[in-house]
Amino acid sequence: MNKHFLKETDFSWETAASIFAFAAEVKAQRDHGHRQTLSGQSWGMIFSKSSTRTRVSFEVALRELGANPIFLNRNDIQLGRGESVTDTAKVLSRYLHGLIVRTYDHSDVEILASEGGKPVVNALTDFLHPCQLYTDVFTLAERWARPGQDLMDAVRGKKVAFLGDCACNLANSWILGADFFEMELALSGPASFAPGEEIMTLMKNETAGPRFTFTQDPYEAVRDADMIYTDVWVSMGKEQESADRIKEMRPFSVTKNLLDAAKPDVLFMHCLPAYVGMEVTQEVLDDPRTIIWDQAENRLHVQKAILNELAGRG
Ligand code: CP
Ligand code: NVA
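Residues numbered from 1 in each chain as written. Chains lettered and ligands numbered in written order. Predicted model: local features only at pLDDT ≥ 70, side-chain atom pairs only at ≥ 80, totals over all residues. Heavy atoms only, no water.

(A) Focus on the pattern of salt bridges. For the structure on display, the rule yields 21 salt bridges. Put simply, Glu 206 and Lys 7 hold a salt bridge, and the shortest N to O gap is 3.8 Å. With Glu 206 in helix α8 (residues 197-206) and Lys 7 in the segment before α1 (13-29), the pair connects residues that are 199 residues apart, well separated along the chain. In this structure, Glu 64 engages Lys 304 in a salt bridge whose closest nitrogen and oxygen atoms are separated by 2.6 Å. Of the two residues, Glu 64 sits in helix α2 (residues 53-64) while Lys 304 sits in helix α13 (residues 292-311), which places them 240 residues apart along the sequence. Each member of the pair, Glu 64 as well as Lys 304, carries the same accessibility label: buried. Via salt bridges that share partners, Lys 256, Asp 260, Asp 287 and Arg 289 belong to a single interconnected network. (Salt bridge = Lys/Arg side-chain N within 4 Å of Asp/Glu carboxyl O. Helix = DSSP H or I, 4+ residues; strand = E, 2+ residues; numbered from the N terminus. Buried < 20%, exposed > 50% of the residue type's maximum accessible area, 1.4 Å probe, protein only.)

This is how it looks when you write it as structure tokens:
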């Protein structure tokens, strides 16, 4: 049976540890050659939404692993004219070794996985963004690991404060991911953007149950935080709600005052793209506690490791 990566809990703890180890290895070795474990494979990349980091890092990752990426904008293939996701899955799986998919409905990646029979990677849905979450945790582990310490152990028990839209895909990924990586999570946003039913149900089914706090006081959330995270207030597909979202989320903008209210060695992360003056100030982006560029770079290394886990040969 093929493996897929549609959500954070699709891999075991041991597999996640080996993904982190492979990512660290290919990162350290990148200037000295590539491990071409996907040599000769062809992978499709179906994108129904915009992307800078995910698209480019996956294309580079596939090439450096020896595979051939085929970028498929939804509107360039018959999917955009109404061909079903099921038929698309059945046809593409006859040509390709795997699919990387960015789309709206999470059920689309599940159908592509179940009907196609080749590995599928979730490159963001409205519900989850697991490649980002694994990269975020790896980036923290790199920072926090003492010499010789296991990367997974380095994040265990650390406190993350997530501010802003606590009902978005990244918030959902942190809810599931913090539980998986045994981290503490404090979410803070307006009441109307509290975690939704779908993630609560998934947490009940996949884990021992939700294990996070939610507060409308951002200062309470960041108290004793080891890392503060935010995401855009207007996710892709929500543009028609922009004005209301911006008004409601204004108090949750990450400012220097909020960073100063966390632990002295707190780190700041953002999946990017950032909207300066909205969810984060320029002062915070320029602050030495910000690690967004390492975070963006690590998408490449961690996604290589995910692809290797799903389809690598040696
Ligand atoms: N963080 C992230 O997924 O960025 P892109 O939308 O640019 O891919
Ligand atoms: N929540 C954002 C993440 C972008 C990487 C969105 O879905 O647009």
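(B) Representation of α1. Taking 1.5 Å per residue as the helical rise, α1 with its 17 residues ought to reach 24 Å, and the 25 Å between its terminal C-alpha atoms agrees with that figure. Among the residues of α1, Thr 15, Ala 16, Ile 19, Phe 20, Phe 22, Ala 23 and Val 26 are the ones counted as buried. In a view along the axis of α1, the buried residues occupy a sector of 165°, so they form one face of it. Facing away from the buried side of α1, by more than 90 degrees, are the exposed residues Glu 14 and Ala 28. Looking at the buried residues of α1, the elements they touch are α5 (130-144), α6 (151-155), α7 (169-180) and α13. (Expected span 1.5 Å × (residues − 1). Arc of directions from axis to C-beta. Contact = heavy atoms within 4.5 Å.)

(C) Molecular detail of the site of ligand 1. Surrounding ligand 1, one finds Ser 51, Thr 52, Arg 53, Thr 54, Arg 102, His 129, Gln 132, Cys 271, Leu 272 and Arg 299. Within the side chain of His 129, a nitrogen or oxygen atom sits 2.9 Å from an oxygen atom of ligand 1. One of the side-chain nitrogen or oxygen atoms of Gln 132 is found 2.9 Å away from a nitrogen atom of ligand 1. A total of 250 Å² of accessible area belongs to ligand 1 in isolation, and the protein chains cover 95% of it. A molecule is said to occupy a pocket when more than half its atoms come within 2 Å of that pocket's grid points, and by this definition ligand 1 occupies the largest pocket. Split into classes, the residues belonging to the shell around ligand 1 amount to two nonpolar, five polar and three charged. (Near = heavy atom within 4 Å. Polar contact = N/O pair within 3.5 Å; in protein donor to acceptor, adjacent residues only side chain to side chain. Areas by Shrake-Rupley, 256 points an atom, 1.4 Å probe, with all protein chains shown as cover. 1 Å grid on protein atoms, 1.4 Å probe; cavity = no way out; pocket = protein on both sides within 12 Å on 5 of 7 lines; lining within 4 Å. Sits in = over half its atoms within 2 Å of the grid points. Nonpolar A, V, L, I, M, F, W, Y, C, P; charged D, E, K, R; others polar.)

(D) Structural context of the pairing of strand β2 (residues 68-73). Sheet topology places strand β1 (residues 42-47) next to β2; six bridges connect them, and they run parallel. Bridging across to β2, Met 45 finds its partner in Phe 71. The β-α-β motif built from β1, the intervening α2 and the parallel element β2 has right-handed crossover chirality. (Pairing = 2+ DSSP bridges. Right-handed = clockwise from strand over helix to strand, strands pointing away.)

(E) The arrangement of the sheet that holds β2 in detail. What the four strands build is an open sheet, ordered β2-β1-β3-β4; its pairing is parallel. Only two strands of the sheet have a single partner each, and these edge strands are β2 and β4 (120-122). Mean inter-strand twist for the sheet, computed between neighbouring axes without regard to direction, equals 20°. Sheet contacts for α2: β1, β2, β3 (98-102) and β4; angle to β1, the most-contacted strand, approximately 175°. (Axes fitted to C-alpha atoms, helices over the stretch in contact; angles between N-to-C directions.)

(F) Geometry of the nonpolar core. The biggest cluster of nonpolar side chains holds 66 residues, and the ones touching the most others in it are Tyr 134, Trp 174 and Phe 181. With eight residues, the top contributor of residues to this core is α5. Not counting the four nearest positions on each side in its chain, Trp 174 is found in contact with Leu 133, Asp 136, Val 137, Leu 140, Val 160, Phe 162, Asp 179, Met 183, Leu 185, Met 227 and Tyr 229. Core analysis: the second largest hydrophobic core is formed by 18 residues, Val 222, Ala 262, Leu 272 and Leu 285 among them. (Core = buried A, V, L, I, M, F, W, Y, C linked by side-chain atoms within 4.5 Å.)

(G) Looking closely at the site of ligand 2. Leu 124, Asn 169, Asp 231, Val 232, Ser 235, Met 236 and Leu 272 make up every residue found near ligand 2. Taking Asp 231, its side chain carries an N or O atom lying 2.6 Å from a nitrogen atom of ligand 2. A distance of 2.7 Å separates a nitrogen atom of ligand 2 from a polar side-chain atom of Ser 235. For ligand 2, whose free accessible area comes to 270 Å², the fraction covered by protein is 94%. Put simply, ligand 2 lies in the largest pocket. For the shell around ligand 2, the residue count by class is four nonpolar, two polar and one charged.

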